[in-house]
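Coordinate inspection notes
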Amino acid sequence: MCGLLDKVGRSRFREFKGISLTLATIIILAVVITITLAFSYWVGGLTQVFLGFERVEVSHVEVVYDPDGWSGSGFATSGEGWNVSIGLVNKGVWDSTFTDFLVNGKPMEVYSGDVVLIDPEGNCYTSSKGLSIRLKAGTSMTLTVWIKAGGFEHGQIVSITLQTARGGSFQRDVVLT
């Protein structure tokens, strides 16, 4: 015949022993568990990428009236005004980059130098052009805003809004004391 049967008619495959049913089950379970773990780590990684969030909180605000004006880092302004220190904490999973700054809902350019944003390195911004202040996830910083008294008064409520490159908007109202 085809060589699969010996001379007596018995199958040659009886000589080969297979693995036990228990061992086969253990191997299949190990493979399934390994694939499941790999898949769960992959899905977990995707979840962090697609469901991550920006969460910047204002930790403190301090408003100090200064009758002499402000100067620093090559920028000086004369006349009375307010130093507004804003403490920010990034509690999100992504770094935040502030790219726009609004005062009372208007870009700071509208105020023609009466509003100055100062970052922790001492860089001064009177316009949102070129504004790029990065706050890493899990860190904090303090920004200073100089508001000149010309267009603002004691007791006035000023709305300060920082906007990020990802579209987040973080607002805080302060009273000029």
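For the structure itself, look to the data block above.
Throughout, residues of each chain are indexed from 1 in the direction in which the sequence is written. Given that the model is predicted, a residue must reach a pLDDT of at least 70 before its local features are reported, and side-chain atom pairs must reach 80 or more before they are shown or counted; all residues, however, enter totals for whole chains, interfaces and linings. Side-chain measures here rest on the full set of heavy atoms in the structure, leaving out hydrogens and waters.

Some remarks on the overall build of the chain
We count it as follows: In this description a helix means any DSSP run of H or I spanning at least four residues, a strand means any run of E spanning at least two, and both kinds are numbered starting from the N terminus. The rule is simple: take the accessible area with a 1.4 Å probe, protein chains only, and divide by the maximum for that residue type; under 20% is buried, over 50% is exposed, in between is partly exposed. The contact criterion used throughout is that any non-hydrogen atoms of two residues lie within 4.5 Å. Method for areas: the Shrake-Rupley scheme with a 1.4 Å probe, in which residue coverage is limited to the protein chains shown.
When helices and strands are tallied, the chain shows 1 helix and 12 strands. Tracing the chain from N to C terminus, the helices and strands come up as α-β-β-β-β-β-β-β-β-β-β-β-β. When the 177 residues of the chain are sorted by exposure, 30% land in the buried category. For the chain, restricting intrachain contacts to residue pairs at least 6 apart in sequence, the fraction spanning at least 24 positions comes to 64%. For the chain, the accessible surface area stands at approximately 11,200 Å², while carbon and sulfur atoms represent 58% of it.

Let's talk about the pattern of salt bridges
Keep this limit in mind: Here, a salt bridge means any side-chain nitrogen of Lys or Arg that lies within 4 Å of a carboxyl oxygen of Asp or Glu.
Counted according to the given criterion, the structure contains 3 salt bridges. Close ionic contact of Arg55 with Glu57 constitutes a salt bridge, the shortest N to O distance being 2.7 Å. On the accessibility criterion, Arg55 (39% relative accessible area) is partly exposed. Overall, Glu57 belongs to the partly exposed group, its relative accessible area being 28%. One salt bridge in this structure joins Arg134 and Asp95, with 2.4 Å as the shortest N-O distance. Highlighted residues: Arg134 in strand β9 (residues 133-135) and Asp95 in the loop between β4 (81-90) and β5 (96-103), separated in sequence by 39 residues.

Focus on the pairing of strand β12 (residues 169-175)
This is how it is decided: Here, any two strands with at least 2 DSSP bridges between them count as paired.
Summarising the sheet, strand β11 (residues 157-164) and β12 pair through 7 bridges and their orientation is antiparallel. Its bridge partner lying in β12, Gln163 is registered against Ser169. Turn length for the β11-β12 hairpin, with the two strands adjacent in sequence and antiparallel, is 4 residues, and the turn residue Gly167 shows positive phi of about 100°.

Observations concerning the sheet that holds strand β8 (residues 124-125)
By way of backbone hydrogen bonds, the strands of a sheet pair with one another, either parallel or antiparallel. Ordered by their spatial adjacency, 5 strands build an open sheet running β1-β4-β10-β7-β8, and the pairing between neighbours is antiparallel. Taken across any chain shown, the strands that pair with only one partner, and hence form the sheet edges, are β1 (56-66) and β8. Taken together, the 4 bridges between strand β7 (residues 115-118) and strand β10 (residues 140-148) define a ladder with antiparallel strand orientation. In the strand pairing of β10, Val115 is matched with Ile147.

A word on unusual backbone geometry
The backbone phi angle of Asn104 is positive, close to 55°, even though this residue is not glycine. Tracing the backbone shows Asn104 in the loop between β5 and β6 (106-107). Looking at Asn104, the relative accessible area reads 31%, which means it is partly exposed.

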